[in-house]
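Residue strings, one per chain:
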Amino acid sequence: MFLFNCTQNAANQLHRRQNSQTKTWITAPPEALTARAWRWQLHAATIRRKRVFVAMEHKTHFALLLWDIKRGDGAAVFKQMLEHIGNQARLLSAWLEILSVPATETALTHMMDAHRQFAFVVGDIDRSVQSHINDVIQQVESLAAHYGLPQNIQATMAWEWTVNDNLCSQRGGEYFYPNEAWYSEWLQAFSSIGARQLASLPGQYQTLHLGMPGQFHY
């Protein structure tokens, strides 16, 4: 299960009025499901008068930017999440030459088999994650000031790569790149990658990181 821990800003965007009644996606899923859930923190912000949801994976601080979602459409949040995860996994697999195209698609299928359900809850907000989400929003505001808002999925992928390609740490721990940390966790969870390949990932990502300037056009 994907479990979205929503800030109040995000929760407010998951309510809507219909026939004089308030409909909401906020639920209280069974503890048996949440104990094994893949946790993401969800926040909503407005940038240049356009709403964006920022979803950040708890363990790796990997962020996704979800645009053009109507108020009260939790299904669209989940649908975009899956699309963006697939896009980033395919991109990282190709650029790092870790998984073949068929192996990447198989891993994505395994991911979906393990996490077909989703739920939105309010509370249990991680301060470290939220602090990094705030940093991501500042970066997105800066990108928007320079380039305008992203007009297609390719531009959004570029922005997601950019915000996840900055060193960060959790509670004063070691620094890491969210792109690399998330992809490593994803590979271990859903692919059949060997230990030797996994051990080579940090060096390969560092090479890719140093060679990135100029590859993306916003």
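The structure contained in this document is the topic of the report that follows.

Thresholds, definitions, all that
- Residues numbered from 1 in each chain as written.
- Predicted model: local features only at pLDDT ≥ 70, side-chain atom pairs only at ≥ 80, totals over all residues.
- Heavy atoms only, no water.
- Pairing = 2+ DSSP bridges.
- Helix = DSSP H or I, 4+ residues; strand = E, 2+ residues; numbered from the N terminus.
- Axes fitted to C-alpha atoms, helices over the stretch in contact; angles between N-to-C directions.
- Contact = heavy atoms within 4.5 Å.
- Buried < 20%, exposed > 50% of the residue type's maximum accessible area, 1.4 Å probe, protein only.
- Parallel < 35°, antiparallel > 145°, perpendicular 65-115°, else oblique.
- Left-handed = near helix turned anticlockwise from the far one by under 90°.
- Nonpolar A, V, L, I, M, F, W, Y, C, P; charged D, E, K, R; others polar.

## Notes on the sheet that holds strand β6 (residues 63-67)
Within a sheet, neighbouring strands are paired by backbone hydrogen bonds and run either parallel or antiparallel to one another.
1) Next: Strand order in the open sheet formed by five strands is β6-β5-β4-β1-β7, and the pairing between neighbours is mixed. Two strands lie at the open edges of the sheet, namely β6 and β7 (118-122), each paired on one side alone. The sheet shows a mean angle of 30 degrees between the axes of neighbouring strands, taken without regard to direction.
2) Next: As defined by bridge partners, strand β1 (residues 2-6) adjoins strand β4 (residues 38-47) across five bridges and the pair is classed as parallel. In the strand pairing of β4, Asn 5 is matched with Gln 41.
3) Next: Helix α3 (residues 74-96) rests against β1, β4, β5 (50-57), β6 and β7 of the sheet, and its axis sits at about 130 degrees to β6.

## Quick look at the environment of Gln 138
1) Next: Within the secondary structure, Gln 138 sits in helix α5 (residues 127-147).
2) Next: Overall, Gln 138 belongs to the exposed group, its relative accessible area being 53%.
3) Next: As for Gln 138 and Gln 206, which are separated by 68 residues in sequence, their C-alpha atoms are 24 Å apart.

## Re the environment of Gln 13
1) Next: Tracing the backbone shows Gln 13 in helix α1 (residues 8-13).
2) Next: In this structure Gln 13 comes out as buried when scored by relative accessible area, which is 14%.
3) Next: Between the C-alpha atoms of Gln 13 and Ile 69, which are 56 residues apart in sequence, the distance is 9.3 Å.
4) Next: Beyond its immediate chain neighbours, meaning those up to four positions away, Gln 13 contacts Ala 44, Arg 51, Phe 53, Arg 71 and Gly 72.

## Notes on the packing of helix α7 (residues 178-190) against helix α8 (residues 195-210)
1) Next: Their axes nearest at 11 Å, the elements α7 and α8 cross at an angle of 160 degrees. Taken together, the axes of α7 and α8 lie roughly antiparallel to each other. Crossing handedness for the pair α7 and α8: right-handed. Together, Asn 179, Glu 180, Tyr 183, Ser 184, Leu 187 and Gln 188 of α7 and Leu 198, Leu 201, Pro 202 and Tyr 205 of α8 make up the contact between the two elements.
2) Next: Counted by class, the contact of α7 with α8 contains six nonpolar, three polar and one charged residues.

## Here we look at unusual backbone geometry
1) Next: Of note, Arg 48 is a non-glycine position whose phi angle comes to about 50 degrees, a positive value.
2) Next: Structurally, Arg 48 is set in the loop between β4 and β5.
3) Next: Backbone geometry at Arg 49 places phi at a positive 65 degrees, although glycine is not the residue there.
4) Next: Looking at the element boundaries, Arg 49 is found in the loop between β4 and β5.

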